[in-house]
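For reference, the chains in residue letters:
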Amino acid sequence: MRTPTWKRKHLDTVIATAVKLILFSAGPVRLVLEEDLRNELPFIMSRISRAPVINPVRQLSSGISSPETLPAGEFERTNVHSPEKRFRFYYFDIRCRGELARFILGAAGVDYEDIRVNLASWPALKDDTPFKTLPVLDFNGVQLGQSMAIARYLATEFGLRGRTPYEQALADSVAEAADDVLASHLEFMFEERSSKKENMKRVFMESTLPDFLLYLDQFQKVYSEEYGYIVGSKLTYADLAVYSLLEQLMSATIIDMNYFSYYKYPTELRKRIMSNGKLMRYINNRPRTDF
Ligand SMILES: N[C@@H](CCC(=O)N[C@@H](CS)C(=O)NCC(=O)O)C(=O)O
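First things first, this report covers the structure right here in the doc. Small disclaimer: the values here were computed from a predicted structure and weren't measured. (Residues numbered from 1 in each chain as written. Predicted model: local features only at pLDDT ≥ 70, side-chain atom pairs only at ≥ 80, totals over all residues. Heavy atoms only, no water.)

### Concerning the site of the ligand
Working step 1: Around the ligand sit Tyr 91, Phe 92, Arg 97, Trp 122, Lys 126, Thr 133, Leu 134, Pro 135, Gln 146 and Ser 147, and those are all the residues in its vicinity.
Working step 2: Trp 122 places a polar side-chain atom, nitrogen or oxygen, 2.8 Å from an oxygen atom of the ligand.
Working step 3: Contact distances for the ligand include 2.8 Å between a nitrogen atom and a side-chain N or O atom of Gln 146.
Working step 4: Within the complex, the protein chains bury 68% of what would otherwise be the 510 Å² of accessible surface of the ligand.
Working step 5: Structurally, the ligand is housed in the largest pocket. (Near = heavy atom within 4 Å. Polar contact = N/O pair within 3.5 Å; in protein donor to acceptor, adjacent residues only side chain to side chain. Areas by Shrake-Rupley, 256 points an atom, 1.4 Å probe, with all protein chains shown as cover. 1 Å grid on protein atoms, 1.4 Å probe; cavity = no way out; pocket = protein on both sides within 12 Å on 5 of 7 lines; lining within 4 Å. Sits in = over half its atoms within 2 Å of the grid points.)

This is how it looks when you write it as structure tokens:
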């Protein structure tokens with residue numbers, strides 16, 4: 001059977017690129033890739049220009065709270081790191097997958113709009129979001145979806161990502177692990193079948209959570225023992241991911257304050273957070289939510 005023309009063309013391109021990569025692997029590999037990218041650019045740009053944009057008129061007309069409707073003094077306009085960027089953060093009026101980004105913006109003292117979307121207005125907004133889910137970060141009209149991508153971007157932008165590529169990778173690993181634990185928690189929290197829910201909760205309490213915290217204690221001993229953070233000598237978004245998780249577990253009465261004392265790192269982390277003025281300003285003034 002003959003290979004269709006489009007497949008042959010595709011194969012030719014792949015082979016040609018592989019040959020170029022081998023020939024130039026000692027040096028100008030980047031140039032080769034850039035040249036290929038340049039050829040692709042008009043196509044990529046045409047796709048991007050067709051990407052959905054949240055309609056700003058709809059933002060304020062469909063029941064989404066504007067910053068003006070939040071209590072006064074909620075987001076004090078101090079320490080604007082990127083005056084050229086206007087951040088709008090869209091999530092539901094809960095903590096769950098949105099609180100990490102709010103923590104990062106709070107700890108950085110950034111001026112932003114904390115837009116809390118009503119469940120009633122969500123269906124009208126859903127199709128305009130990048131992945132049809134929240135959270136979404138909008139800056140200067142560019143929209144970014146996926147909570148962990150948003151967290152990493154903001155952490156990089158505001159110096160909470162770690163100092164070296166290795167520190168950053170370590171911080172990423174902890175933040176992703178905290179997100180996995182959060183996902184397990186949300187899974188059983190929203191499970192409706194009671195026997196399944198009980199079983200999931202038991203696994204979570206007996207292994208998922210203690211295993212994670214024990215591992216973090218060992219991790220911290222290696223990477224930040226003398227400083228009380230998870231990696232390096234200063235706060236990273238990984239610390240915020242862990243604290244946001246523990247806080248949500250406390251609100252859901254899965255753990256209480258005593259639980260902290262079983263583990264060294266969470267105890268130290270709590271002290272660090274309590275002494276972080278900017279973050280505490282956000283925590284003390286944010287809208288009260290059950291989870
Ligand atoms: N992997 C995504 C998951 C996003 C997600 O599932 N978001 C939920 C809220 S936590 C959502 O938008 N649910 C509404 C819907 O799917 O219509 C992330 O981390 O951002």
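### A look at the nonpolar core
Working step 1: Counting 74 residues, the largest nonpolar core has Phe 87, Ile 104, Leu 154, Tyr 237, Leu 240 and Val 242 as the members making the most contacts within it.
Working step 2: Residue contributions to this core peak at 10 residues, all from helix α7 (residues 165-189).
Working step 3: With near-sequence residues (within four places) excluded, Leu 240 lies in contact with Leu 100, Phe 103, Ile 104, Ala 107, Leu 160, Leu 235, Ile 273 and Leu 279. (Core = buried A, V, L, I, M, F, W, Y, C linked by side-chain atoms within 4.5 Å. Buried < 20%, exposed > 50% of the residue type's maximum accessible area, 1.4 Å probe, protein only. Helix = DSSP H or I, 4+ residues; strand = E, 2+ residues; numbered from the N terminus. Contact = heavy atoms within 4.5 Å.)

### Digging into the layout of surface pockets
Working step 1: Taken as a whole, the largest pocket holds about 290 Å³ of empty space.
Working step 2: Residue lining of the largest pocket: 17 residues in total, with Tyr 91, Phe 92, Ile 94, Cys 96 and Phe 190 positioned closest to the centre.
Working step 3: For the lining of the largest pocket, the elements supplying multiple residues, two or more each, are β1 (87-92) and α5 (122-126).
Working step 4: The class makeup of the residues in the lining of the largest pocket is 11 nonpolar, 2 polar and 4 charged. (Points joined across faces, edges and corners; volume = space filled by probe spheres on them. Nonpolar A, V, L, I, M, F, W, Y, C, P; charged D, E, K, R; others polar.)

### Observations concerning helix α8 (residues 194-223)
Working step 1: An ideal rise of 1.5 Å per residue puts 44 Å on 30 residues; α8 measures up with 41 Å between its terminal C-alpha atoms.
Working step 2: Taking the largest bend as the criterion, α8 deviates by roughly 45°, centred on Phe 204. (Expected span 1.5 Å × (residues − 1). Bend = angle between axes of the 7 residues up to and from the residue.)

### Side note on the packing of α7 against helix α9 (residues 237-251)
Working step 1: It is the contact of α7 with α9, at a shortest axis distance of 8 Å, that shows an interaxial angle of 20°. Comparing the axis directions of α7 and α9 gives the class roughly parallel. Here α7 and α9 pass one another in a crossing that is left-handed. Along its contact with α7, which presents Ala 171, Asp 172, Val 174, Ala 175, Ala 178, Val 181, Leu 182 and His 185, the element α9 presents Tyr 237, Ala 238, Ala 241, Val 242, Leu 245, Gln 248 and Leu 249.
Working step 2: In terms of residue class, the contact of α7 with α9 is made up of 12 nonpolar, 2 polar and 1 charged. (Axes fitted to C-alpha atoms, helices over the stretch in contact; angles between N-to-C directions. Parallel < 35°, antiparallel > 145°, perpendicular 65-115°, else oblique. Left-handed = near helix turned anticlockwise from the far one by under 90°.)

### With respect to the sheet that holds β1
Working definition: the strands of a sheet are paired by backbone hydrogen bonds and lie parallel or antiparallel to each other.
Working step 1: Strands sit in the order β2-β1-β3-β4 across an open sheet of 4 strands; the sheet is mixed. Each edge of the open sheet is held by one strand with a lone partner, namely β2 (112-117) and β4 (142-145). When strand polarity is set aside, the average angle formed by the axes of neighbouring strands in this sheet is 20°.
Working step 2: Helix-sheet contacts for helix α4 (residues 99-107) involve β1 and β2, and the interaxial angle to β1 is about 150°. (Pairing = 2+ DSSP bridges.)

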